[in-house]
Every structure is written in C-alpha cells, then in structure tokens.
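Here's the letter readout for the chains.
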Amino acid sequence: MRSVTYSMGVSLDGYIVGPDGTFDWTAPDDEVFRFWIDEIRGVGVHLLGRRLYETMLYWETADQDPSLDDSAREWIALWNPLPKVVFSTTLSTVQGHARLASGSLAEEIERLRAEPGDGEIAIGGATLAAEAAASGLIDEYRVVVHPVLVGGGIPFFPRDERRVDLALVETRTFASGVHYLRYRVTR
C-alpha cells in the first residue's frame, strides 16, 4: 500500500509560515535544494491545499526563464508532470497536471491507495496535513528544520493534535544548519 507522507520546511519553533505570512527563511541553498529534488523522485502524487498550490504555480512557467540553473530545471522536469490533487473550496479550475479533488481528503487517499501506481502520496500544506493527521492518515512526517525562530504563524503540527507515537527513521544535517528528521508513525 502506498504511504502518505507530510514533508515541509519548518522553523525551529515549529512554523511553516511566520506571523507576517512569509517563509523566505525556507529558501534552500544548493545542498538542501538537491535534497528536495531527490525527495520528489519518490512521490507518485502530491496532494495540496489551495495556498501551497498557488505558491507552486510559479514552477508551471519557470522553465521559460533562461537564467535558471540546472538544478531548477531538474526540479521543473520532475514537478510539472507529477500528478497533483488540489483541495479547495474557492478554486474552480487548476493548471498543469493538477485536478481539483472530487471527494473528501480521506476518500481521495483511499482511492489513491487502491489504484495501482508507484511512489508515495505526499501531502503539502499545514491545513490539509492537519485534516489527514486527525483522521490517522499520515504514515510519515518529514520535517526539514531551519535554524530560525519566527515567533508564530502557521504551525507544522496542528495544536490540537492527538498523541501520535513515532519512530525515527532517518536524520540528516546540512552544512547550512538545516536538519532533516524523518519519522514513521507507529501503529
């Protein structure tokens, strides 16, 4: 069965977006960007909330920028054809290899797990991940911790999260001081 993973950059104090709505502190250096490229190779479908979908739309046309480096072009070659499911109550259309979710998050995950296919079911966006976590649908948490305290904003983990026991599967430290923590949910 395909695993459901939740992976995003987070401040040391636990936020994916600061109180001012920015996340510029998550801009990856070359080493961290290479990590994200390698991570996306293992994804079969990406589930996104509206805000993250709109942020990632940049990549749909970024390949037209002649100043992009090879790593950015490699990311585009992996990200753009990747199937995406967008959960939104305000969008009526989406672009690229995306479709609007036709069912609830639990129904979509159940359907995707039942379909033949390779790669993980990745969840992006704290609101969507909180819904998946509340339903016990997340198999792995992958936290990319940035060495910054932002003092508030949108938390990586929902504040009303139920207890979830985790097993540490992998860690990595980058030269920039960023740390990667990969935990599998123990059931």
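Scroll up a little and you will see the structure.
Predicted, not measured: the structure shown is a model, and the values here were computed from it.

**Q** If you had to explain helix 4 (residues 70–79) to someone new, which residues and values would you point to?
**A** All of the buried residues along helix 4 are Ala 72, Trp 75, Ile 76 and Trp 79. Looking straight down helix 4, one finds that the buried residues subtend no more than 100° of arc, so they occupy a single side. Seen from the buried face of helix 4, the exposed residues on the opposite side, beyond 90 degrees, are Asp 70 and Ala 77. Buried-residue contacts for helix 4 involve helix 1 (30–40), strand 3 (43–49), helix 2 (50–56), helix 3 (58–61) and strand 4 (84–87). The backbone nitrogen of Ser 71 has a side-chain oxygen 3.2 Å away, supplied by the residue at the start of helix 4, namely Asp 69.

**Q** Describe the environment of Ile 154, listing the residues and the values that go with them.
**A** Following the sequence through the fold, Ile 154 ends up in strand 8 (residues 154–155). Those residues in contact with Ile 154, other than ones at most four positions away along the chain, are Gly 14, Tyr 15, Ile 16, Val 17, Arg 51 and Ala 126.

**Q** Got a sec to walk through helix 6 (residues 126–134)? Specific residues and values, please.
**A** Of the residues making up helix 6, those classed as buried are Ala 126, Leu 128, Ala 129, Ala 132 and Ala 133. The buried residues of helix 6 all sit within an arc of 160° when viewed along its axis, so they share a single face. Seen from the open side of helix 6, the exposed residues pointing more than 90 degrees away from its buried face are Thr 127 and Ala 134. After helix 6 finishes, the residue Gly 136 shows a positive phi value of roughly 70°.

Conventions we followed
- Residues numbered from 1 in each chain as written.
- Predicted model: local features only at pLDDT ≥ 70, side-chain atom pairs only at ≥ 80, totals over all residues.
- Heavy atoms only, no water.
- Buried < 20%, exposed > 50% of the residue type's maximum accessible area, 1.4 Å probe, protein only.
- Helix = DSSP H or I, 4+ residues; strand = E, 2+ residues; numbered from the N terminus.
- Arc of directions from axis to C-beta.
- Contact = heavy atoms within 4.5 Å.
- Polar contact = N/O pair within 3.5 Å; in protein donor to acceptor, adjacent residues only side chain to side chain.

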